Every structure is written in structure tokens, then in C-alpha cells.
Amino acid sequence: MSAKGPILILSIDGGGSRGVIPANVLLHIEQDAGIAVRDSFDFYAGVSTGAMIAAFLATNVGSVEHLARDSYSSENLSKMMDKTVWDKMLGRVQNQPKYDGINKREYVDALLDGVRINDIQDKHLLILAYDFINRDLVTFRNHRGHDAAYNPTLTEICDAATAAPTLFPTVATSSLSRRWLIDGALTTNDPSICAITEALAMGHGLEDIWMLSLGTGHPVHDLSQEDRDEIGTASQGWGLVGWLSNGLLDHMLSASSCVSAHQCEQLLGERYVRVNGELPRKLMQLDNTTESRVMDFCSYAYTWFESSIESIESLMRNVAQAREAHASQQP
């Protein structure tokens, strides 16, 4: 064990409106398992919709119940992803972003109330974005790294971290050396590996790192071989429009999450718990915000929580014991 001692990380995937799922898993962890989320975790990492959840928890601006019931309600998500008639008709196959992002930024700004990343003193926060001009990963970390040095507001960070291509406009940073940023999910949709390397850079040993990782689902394998062959044959003729209309961004997100989860499991072993599961393909859409869809997500959140609660409770017990052992060794 290093001098730094154990660190418990909460890592949250991207997934657009599917952020309802991790928000409600956290609600069940608090209300059903009796685990105080903010008191338990030392480090929050998020990408895309997970960045908004991580920022909310790190700043302690409200309860987990508010996060799940209000921030990720159908009404609020629909405001952030406001659809015009043309949006509904054309979807992503148009020559401008599907949404203007104004309501999204206004909501985040009202929620986080002007908090800047370096205002966070008692927790660690990592949010990923992507500089598409320089093709560079951007890591926003409180009190660490060049992208926190100009101390941007969490509104600016979350706006950039959720700027999914084709859905929302790119976001310009307020730094003197301006960057143009988009959704960090273009680098990885699961920030867990980045969080591990950040904890190592902070001086924690690998054996000190514990993690709960919350996913936003992957499509159920429910297609017959005939269906797969039909889609596969059609894909040979897809160009840009064909791939976009058949979920190119969704495929990129799912692929990177699978790789990250595999690496974390190999590195951390029993110190890593991943809460994720299969979703029907109709639920994989990033911007479906109807009341019935949100209710579907809530239902899956409870199912995944129930199937993972023993592993989560075991993780919490074991990290508590590791913390006690570390404290007993201190002079």
C-alpha cells in the first residue's frame, strides 16, 4: 500500500439520454442500499452525459434524488434536446447540428451556479473532452493539468464534454489559447482507464485503486444470422449518410466501452465492479427523451442495481477495511 492510501473512484460512461440509467442506479445505491454516494467516493470521472453526473456529485450542489428525478427527467431532457419539426423529419441527416445546445448550457449553468473546476477542494474530478482540430484528448482535472490551469467553469466543461457531433455544436474554450472541443466519448466512452492513470499520477499505487464503473448499456444480441447478414451486406454500400443513419456514433461509443471495461477488470480484479447490461436496440438511441423511454431506463436501472448490489456492497466493505488498515499504519 502506498503512502497515499486507498482511493475509491466512481466512473460514469456517456450515452446521452441513457444517462437516466446511472443516475437512477446511484439513487438505488443511496435509498435501497443505504450507501451515501458523495461520502463514499473520493474521485469522480465522467464523459459525455457521465460528465454532467460526475460534476454534479463532485460539487455537491444537490441530492442524488434531485439528479435522478429532476435533472434526468423526461421533461428536462426534452428541453435540452428540443426537437423542431425539421429536426424530427431530418434527424442527423442535415447540414447543421440537430440541437442548438442553448437549453442544455442554460440548465447546466443554473444547476452548477458558476462553480469553477478548481473550486472543488474535497473531491477529485476528471472530465474528458476532445480537441477535434488538434486531435487531442483534453482532460479537465481540478488542480492538475494544463486544461484546468485557466480554471474554467463546470458549465463550460460540461457543455464541451457533451457536444456530441451531429447532435450539438462544438464549444470554444475561454482560455487564451482557445480550443474547439467536442464530446469526450470520441476518445473513449468509458473514462475508467483514464481515471486509473490519473490516480497513479496522483501517487496512489495500483493496489490502492478501487472502482465502481457505471455503464449506459449495450445492445442485446437478438438478431438472427439472416438479419445480421442482411445488415452486413447493406453496410458494404454505406457512405457517410448510411453510417450516420445506422448509428455510427452509437457504435463508436459501445466499442470503446468494451475495451475499457476489459482493461479495468484485468488491472484491478476484485477491486473493480462494473454495472452495465443489455438493452433492446430501440433503447440505444442517444436522444430519445419521451416519458415512456425514461420509464424504460428507470426499470433497467433497478434491474441492473439488483443484479449488482452484492458486488457493490462487497466493494464498499473491502475498501472500508483497506482504509482502516491504512489509517492504523499512520503515525
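Below or above, wherever it landed, is the structure these notes cover.

## Section: the packing of aromatic side chains
- All told, the structure shown has four aromatic pairs when counted by the stated rule.
- Relative to Y44, the ring of F41 has its centre 6.3 Å away and its plane inclined at 50 degrees; by these criteria the two rings are tilted. As far as burial versus exposure is concerned, F41 and Y44 are alike and both buried.
- Ring centres of Y99 and F168 lie 5.6 Å apart, and the angle between their planes is 40 degrees; on these two criteria the pair is classed as tilted. Of this pair, Y99 sits in the loop between helix 6 (85–90) and helix 7 (102–112) while F168 sits in the loop between helix 9 (154–161) and strand 5 (171–172), and the two are 69 residues apart along the sequence.
- Directly above the ring of F168 sits K104, whose terminal nitrogen or CZ lies 4.2 Å from the centroid.

## Let's talk about the pairing of strand 9 (residues 272–275)
- The side-chain alternation of strand 9 yields two buried faces, one formed by Y272 and R274 and the other by V273 and V275.
- Pairing analysis gives four bridges linking strand 7 (residues 209–214) to strand 9, with the strands arranged parallel. Bridging from a neighbouring strand, M211 pairs with Y272 of strand 9.

## Observations regarding the packing of helix 3 (residues 49–59) against helix 7
- Direction vectors running N to C along helix 3 and helix 7 enclose 15 degrees, while the axes themselves pass 11 Å from each other. Between helix 3 and helix 7, the interaxial angle falls into the category roughly parallel. As for the relative orientation of helix 3 and helix 7, their crossing is right-handed in sense. Taking contact as the criterion, the partners of M52, A55, F56 and T59 in helix 3 are, on helix 7, V108, L111 and L112.
- The residue inventory of the contact of helix 3 with helix 7, partitioned by class, reads six nonpolar, one polar and no charged.

## Considerations on helix 3
- Along helix 3, eleven of the eleven residues are buried, which leaves the element largely enclosed by surrounding structure.
- Taken together, the buried positions of helix 3 are T49, G50, A51, M52, I53, A54, A55, F56, L57, A58 and T59.
- Once helix 3 ends, the next one or two residues include N60, with phi positive near 55 degrees.

## Focus on the side chain of R293
- Examined against the element boundaries, R293 turns out to sit in helix 14 (residues 291–328).
- Ignoring anything within four residues of it in the chain, the contact list for R293 reads K282, L283 and N288.

## Examining unusual backbone geometry
- One non-glycine residue, H143, adopts positive backbone phi at about 65 degrees.
- If you trace the backbone, H143 turns up in the loop between strand 4 (136–141) and helix 8 (146–149).
- Positive phi values are uncommon outside glycine, yet T166 reaches one of about 80 degrees.
- Summarising the element assignment, T166 is placed in the loop between helix 9 and strand 5.

## Overview of the pattern of salt bridges
- Considering all chains together, one arrives at 14 salt bridges under this definition.
- With a shortest N-O distance of 3.2 Å, D159 and K104 are connected by a salt bridge. Placement of D159 in helix 9 and of K104 in helix 7 is noted, with a sequence separation of 55 residues between them.
- Residue classification places K104 among the buried residues on the basis of a relative accessible area of 4%.
- With a shortest N-O distance of 2.9 Å, R293 and D296 are connected by a salt bridge. Here the residue R293 and the residue D296 both occupy positions in helix 14, the gap between them amounting to three residues, near one helical turn.

## Remarks on the state of the cysteines
- All told, the structure shown has zero disulfides when counted by the stated rule.
- No disulfide involves C264; its nearest neighbouring cysteine sulfur is the one of C194, lying 9.4 Å away.
- C264 sits in the buried class, given a relative accessible area of 0%.

The rules behind the values
- Residues numbered from 1 in each chain as written.
- Predicted model: local features only at pLDDT ≥ 70, side-chain atom pairs only at ≥ 80, totals over all residues.
- Heavy atoms only, no water.
- Phe/Tyr/Trp six-rings, centres within 6.5 Å; stacked < 30°, edge-to-face > 60°.
- Buried < 20%, exposed > 50% of the residue type's maximum accessible area, 1.4 Å probe, protein only.
- Helix = DSSP H or I, 4+ residues; strand = E, 2+ residues; numbered from the N terminus.
- Lys NZ or Arg CZ within 6 Å of the ring centre and 35° of its normal.
- Pairing = 2+ DSSP bridges.
- Axes fitted to C-alpha atoms, helices over the stretch in contact; angles between N-to-C directions.
- Parallel < 35°, antiparallel > 145°, perpendicular 65-115°, else oblique.
- Left-handed = near helix turned anticlockwise from the far one by under 90°.
- Contact = heavy atoms within 4.5 Å.
- Nonpolar A, V, L, I, M, F, W, Y, C, P; charged D, E, K, R; others polar.
- Salt bridge = Lys/Arg side-chain N within 4 Å of Asp/Glu carboxyl O.
- Disulfide = S-S within 2.5 Å.

By themselves these figures say nothing about function.
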